[in-house]
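Analysis of the macromolecular model
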Amino acid sequence: QLQASGGGLVQAGDSLRLSCVASGLTVGRVYMAWFRQAPGKEREFVAAVKRMGDNTYYSDSVKGRFAISRDNAKNTVALQMDSLKPEDTAVYYCAADRNVILSAIRSSSNYNYWGQGTQVTVSS
């Protein structure tokens, strides 16, 4: 099970830090990712971290502003979001899976474990 938290209402340019707590999974041994879904839009990839390592992957829209990190001791994955923009407004979901095709790490269909989502709203 995955439990996401940390969302909220902020202004453009502000920062937020999302957290995803895992139970029944060891975050260091699975692929962990963040996706988001805005109203009327499909769920889209945001960031991912490879299992058993520190390789990270980002969508072009967040690269340089967001950072995904893993805390093995706390069994959590965080998404630090800086320089937020109104277009970052969405429900953010954390996802995990033990077996992800690396070439398709940005595809939501590769992940079988999902958190409940946390709302991020960025006002202009």
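Residues numbered from 1 in each chain as written. Predicted model: local features only at pLDDT ≥ 70, side-chain atom pairs only at ≥ 80, totals over all residues. Heavy atoms only, no water.

**Quick word on the pattern of salt bridges**
- Taken as a whole and assessed by the stated rule, the structure comprises five salt bridges.
- Between glutamate 44 and arginine 36 there is a salt bridge; the shortest N-O distance is 2.6 Å.
- A salt bridge links arginine 65 to aspartate 88, with the nearest nitrogen and oxygen atoms 2.8 Å apart. Taken together, the residues arginine 65 in the loop between strand 6 (56–58) and strand 7 (66–71) and aspartate 88 in the loop between strand 8 (76–81) and strand 9 (90–97) connect sequence positions 23 residues apart.
- Since its relative accessible area comes to 11%, arginine 65 is described here as buried.
- Judged by its relative accessible area of 1%, aspartate 88 falls in the buried class.
- When salt bridges with common partners are traced through the structure, they connect Arg36, Glu44, Arg65 and Asp88 into a single cluster. (Salt bridge = Lys/Arg side-chain N within 4 Å of Asp/Glu carboxyl O. Helix = DSSP H or I, 4+ residues; strand = E, 2+ residues; numbered from the N terminus. Buried < 20%, exposed > 50% of the residue type's maximum accessible area, 1.4 Å probe, protein only.)

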